[in-house]
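As a plain string of letters, each chain reads:
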Amino acid sequence: MARDTAILEFLGTGTSTGVPIAGCTCWRCRSTDPHDTRLRSSVRIAHGKRNVIIDTGPEFRIQCLRSCIQDIDSVLITHDHADHLHGLDDLRAFSLFKKKTLPVWANRVTLDIIRSRFSYIWNAVQVGGGLPDLRLEEATGPFVAGGMTVTPIPIKHGRMDILGYRIGDLAYMTDISAVPDSSLPLLEGLGTMVVSMVRHRPHPTHLHIAGVKRLHKLVKPKQTLLTHLTHWFTHKELIMRLPVDISPAYDGMKIEITL
């Protein structure tokens, strides 16, 4: 029987400010290497003609145009921070032109904040230029999106309880600072683990280089890819200082995952 696979595409691999940072004149922000231009973190998982999006940051519309995304099946949100959520309104183009309701999956806290922060979607006084047609779904256990089984992974982002997501042999865990022991069984047998990494020294809400190495050794995926990267590293710097099974992702990078 042929393997069922999907393609993970990194729509953005940058931290909350993006890279280069507006107003910053450091030499890394002035890099001419295209790998060092990083939009806010988001991915597309393409399963046949069906697209699942994880996180809709402020550049989501630009990311969709750049990657020629013309339809979306489902959206998964990791948490409510602006760099992962504030492009949510751009989903209206996909619900409007495709005449469909888009399911948006997240934990209960994030769903409540979405409903409050984007209250005009559900409590519209006037339609104006149109509204996204969204259905909020609580991710409490495995569910199906884009014809794929998705398992939410409870993780820590500092003091916050947020979600990573497992699809096949992929675990996508941006903005991670720690994995609770109860979530470790959800990470068994990974081909690819994607985690955020923001700097050399410890950080209160994200992994740093040593933390990534410890998690990689604990989980034992075949490869770990880094996202949510800052201007503290260039792509080449990270390639040079990391082991071969841990490497930086970059905007536009595509990998195959096994379902």
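Conventions used here
- Residues numbered from 1 in each chain as written.
- Predicted model: local features only at pLDDT ≥ 70, side-chain atom pairs only at ≥ 80, totals over all residues.
- Heavy atoms only, no water.
- Helix = DSSP H or I, 4+ residues; strand = E, 2+ residues; numbered from the N terminus.
- Rg over C-alpha atoms; globule rule 2.2 N^0.38 Å.
- Buried < 20%, exposed > 50% of the residue type's maximum accessible area, 1.4 Å probe, protein only.
- Contact = heavy atoms within 4.5 Å.
- Areas by Shrake-Rupley, 256 points an atom, 1.4 Å probe, with all protein chains shown as cover.
- Lys, Arg positive; Asp, Glu negative; His and termini not counted.
- Charge placed at Lys NZ, Arg CZ, Asp CG, Glu CD.
- Salt bridge = Lys/Arg side-chain N within 4 Å of Asp/Glu carboxyl O.
- Polar contact = N/O pair within 3.5 Å; in protein donor to acceptor, adjacent residues only side chain to side chain.
- Pairing = 2+ DSSP bridges.
- Axes fitted to C-alpha atoms, helices over the stretch in contact; angles between N-to-C directions.
- Core = buried A, V, L, I, M, F, W, Y, C linked by side-chain atoms within 4.5 Å.
- Phe/Tyr/Trp six-rings, centres within 6.5 Å; stacked < 30°, edge-to-face > 60°.
- Lys NZ or Arg CZ within 6 Å of the ring centre and 35° of its normal.

Novice: Which residues make up the overall build of the chain, and what values go with them?
Specialist: Tallying secondary structure elements over the chain gives 7 helices and 14 strands in all. For a compact globule of 259 residues, the expected C-alpha radius of gyration is about 18 Å, and the chain comes in at 18 Å, within 12% of that figure. Taking the principal axes of the C-alpha coordinates as reference, the chain spans close to 55 × 50 × 40 Å. In the chain, which comprises 259 residues, the share counted as buried stands at 54%. Excluding contacts between residues fewer than 6 apart, the proportion of contacts in the chain whose partners are at least 24 apart in sequence is 64%. Roughly 12,000 Å² of accessible area belongs to the chain as shown, and the carbon and sulfur atoms make up 55% of that amount. Within the chain, one finds 31 positive and 25 negative side-chain charges whose respective centroids are separated by 4 Å.

Novice: Run through the side chain of Asp 175, naming residues and quoting values.
Specialist: By the secondary structure assignment, Asp 175 is in the loop between strand E10 (170-173) and strand E11 (192-196). No salt bridge is formed by the buried Asp 175. Its closest oppositely charged neighbour is Arg 40, at 11 Å. Only 3.0 Å separates the side chain of Asp 175 from the side chain of His 228, close enough to count as a polar contact. The contacts of Asp 175, once residues within four sequence positions are left out, are His 79, His 84, Lys 156, His 157, Ile 162, Ser 196, Thr 205, His 206 and His 228.

Novice: Any chance you could break down the sheet that holds E10 for me, citing the residues and the numbers?
Specialist: Spatial strand order, E7-E8-E9-E10-E11-E12-E13: 7 strands in an open sheet with mixed pairing. Edge positions in the sheet fall to strand E7 (143-145) and strand E13 (246-248), since each of these pairs with one other strand and no more. Adjacent strand axes in the sheet meet at a mean angle of 30°, parallel and antiparallel pairs treated alike. The sheet contact formed by strand E12 (residues 223-227) and E13 spans 3 bridges and is parallel. For Leu 225, the partnering residue across the bridge sits in E13 and is Ser 247. Relative to the sheet, helix H6 (residues 209-219) contacts E11, E12 and E13, its axis offset from that of E11 by approximately 155°.

Novice: Tell me about the nonpolar core, residues and numbers included.
Specialist: Judged by nonpolar contacts, the single largest core of 25 residues is most densely connected at Leu 8, Phe 10, Ile 45, Leu 76, Phe 143 and Ile 257. Listing elements by their share of this core, those giving two or more residues are strand E1 (5-12), strand E2 (42-47), strand E3 (50-54), E7, strand E8 (148-157), strand E9 (160-167), E10 and strand E14 (254-258). Leave out the neighbours within four places in its chain, and Ile 257 touches Asp 4, Thr 5, Ala 6, Leu 8, Ile 45, Ile 167, Asp 169 and Leu 170. Judged by nonpolar contacts, the second largest core, of 23 residues, contains Ile 153, Ile 162, Leu 187 and Leu 190.

Novice: Describe the sheet that holds E3, listing the residues and the values that go with them.
Specialist: In space, the 7 strands of this open sheet follow the order E6-E5-E4-E3-E2-E1-E14, with mixed pairing throughout. Bordering the open sheet on either side are strand E6 (134-138) and E14, each of which pairs with just one other strand. Across the sheet, the mean angle separating the axes of adjacent strands is 25° when strand polarity is ignored. Relative to E3, E2 runs antiparallel, the two sharing 5 bridges. When the bridges of E3 are listed, Ile 45 appears paired with Val 52.

Novice: Go over the packing of aromatic side chains with me, naming the residues and quoting the values.
Specialist: Across all of its chains, the model carries 2 aromatic pairs by this definition. Each ring, one from Trp 105 and one from Phe 143, has its centre 3.8 Å from the other, and the planes form 10°; the classification is stacked. Of this pair, Trp 105 sits in strand E5 (residues 102-106) while Phe 143 sits in strand E7, and the two are 38 residues apart along the sequence. A relative accessible area of 6% places Phe 143 in the buried class. For the cation-ring pair, Arg 115 lies above Trp 122, with the distance from its terminal atom to the ring centre recorded as 5.0 Å.

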